[in-house]
Amino acid sequence: MQQRLDPEELEAFRDNVRAFVRERIVPNAQAWDEAEAMPRSLYEEAAKAGVLQVGLPEAYGGFGHAAYQTVVVREVGRAGVRGVWASPASITVGAPPAG
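Predicted model, so just to flag it, every value in this text is computed and none were measured. Here the residue index of a chain counts from 1 through its sequence in written order. Side-chain atom pairs in this predicted model are given and counted only at pLDDT of 80 or more, local residue features only at pLDDT of at least 70, and totals for whole chains, interfaces and linings cover all residues. Side-chain figures throughout are based on the complete set of non-hydrogen atoms in the structure, without hydrogens or water.

Asks: Pulling in residues and values, what's your account of a negative patch on the surface?
Replies: Taken together, Asp-6, Glu-8, Glu-9 and Glu-11 make up a surface patch of like negative charges. Helical segments are the DSSP runs of H or I of at least four residues, strand segments are the runs of E of at least two, and each set is numbered from the N terminus. Residue position: Glu-11 is located in helix α1 (residues 7–25). Patch membership needs two things, relative accessible area over 30% and no salt bridge, and members are linked within 9 Å if like-charged or within 5 Å if nonpolar (Val, Leu, Ile, Met, Phe, Trp, Tyr). For every accessible area listed, the method is Shrake-Rupley and the probe measures 1.4 Å; residues are considered covered only by the protein chains on display. Salt bridge, as used here, is a side-chain nitrogen of Lys or Arg placed within 4 Å of a carboxyl oxygen of Asp or Glu. The positive count covers Lys and Arg only, the negative count covers Asp and Glu only, and His and the chain ends enter neither. Charge coordinates come from a single atom per side chain, which is NZ of Lys, CZ of Arg, CG of Asp or CD of Glu.

Written out as C-alpha cells, the structure reads:
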C-alpha cells in the first residue's frame, strides 16, 4: 500500500518540476535534439533540482510514490520536450517499482 500524499507537497513538487523544465530544458530542447546530444550536466542539474529518479522507492533515493513520477511525465509532456527527457528518465530502467 502506498503512503498518503500531502496535496500541498505534491503541488510544490509540480511547481518545481515545471520551473526546471521551463527554465532549463525548453530553451535548449531543439538544439539538443538537432545535435542528438545533451550535456551530461543536465543529469546533475536535474538531481539537484530534485526531479531525477523520483520514481524509485525511498530506500533507493526516490520519493516512494508513483504520483511523483506521474508529475514529471506530465510536466515534460506538457512542455513538449519528451525526447530530451527520455535519456534522464531512462536512469530508472530496471529499478524496483516505487510503492
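Now that the structure has been shown, we can carry on.
Asks: With reference to specific residues and values, describe the packing of α1 against helix α3 (residues 41–49).
Replies: Two measures define how a pair of helices packs: the angle their axes make with one another and the distance between the axes. A fitted line through C-alpha atoms represents every axis, and for helices the fit uses only the stretch in contact; the resulting angles, taken between N-to-C directions, go from 0 to 180 degrees. Between α1 and α3, the shortest axis-to-axis distance is 11 Å and the interhelical angle comes to 155°. Compared by their axis directions, α1 and α3 come out roughly antiparallel. In this structure, α1 crosses over α3, and the sense of that crossing is right-handed. Contacts between α1 and α3 involve Asn-16, Phe-20, Arg-24 and Ile-25 on the former and, on the latter, Ser-41, Leu-42, Glu-45, Ala-46 and Ala-49. Lys, Arg, Asp and Glu make up the charged group, whereas Ala, Val, Leu, Ile, Met, Phe, Trp, Tyr, Cys and Pro make up the nonpolar group; the residues left over, Gly among them, are polar. Taken together, the residues of the contact of α1 with α3 break down into five nonpolar, two polar and two charged. The labels follow the angle: roughly parallel below 35 degrees, roughly antiparallel above 145, roughly perpendicular from 65 to 115, and oblique for the rest. Left-handed is the label given to a crossing in which the near helix is rotated counterclockwise from the far helix by less than a right angle, and right-handed is the label when the rotation is clockwise. A contact between two residues is defined here by any heavy atoms of the two lying within 4.5 Å.

Asks: Help me get a handle on helix α4 (residues 66–79), residues and values and all.
Replies: The span expected for a helix works out to 1.5 Å for each residue beyond the first. Given a rise of 1.5 Å per residue, 14 residues ought to cover 20 Å, and the 20 Å separating the end C-alpha atoms of α4 matches this to within 8%. Per-residue accessibility, obtained with a 1.4 Å probe over protein chains only, is compared with the maximum for each type, and a residue is labelled buried under 20%, exposed over 50%, and partly exposed between these values. Of the residues making up α4, those classed as buried are Ala-67, Tyr-68, Val-71, Val-72, Glu-75 and Val-76.

Asks: Tell me what's going on with the pattern of salt bridges, and back it up with residues and numbers.
Replies: For the structure on display, the rule yields six salt bridges. Its salt-bridge partner being Glu-44, residue Lys-48 comes within 3.2 Å of it at the nearest N-O pair. Here the residue Lys-48 and the residue Glu-44 both occupy positions in helix α3, the gap between them amounting to four residues, near one helical turn. Relative accessible area serves as the criterion here: at 49%, Glu-44 is assigned to the partly exposed category. One salt bridge in this structure joins Glu-75 and Arg-78, with 3.6 Å as the shortest N-O distance. Of this pair, Glu-75 and Arg-78 are both found in helix α4, three residues apart, which corresponds to roughly one turn of the helix. Classification of Glu-75 as buried rests on a relative accessible area of 6%.

Spatial relationships are all this shows, so hold off on functional conclusions.
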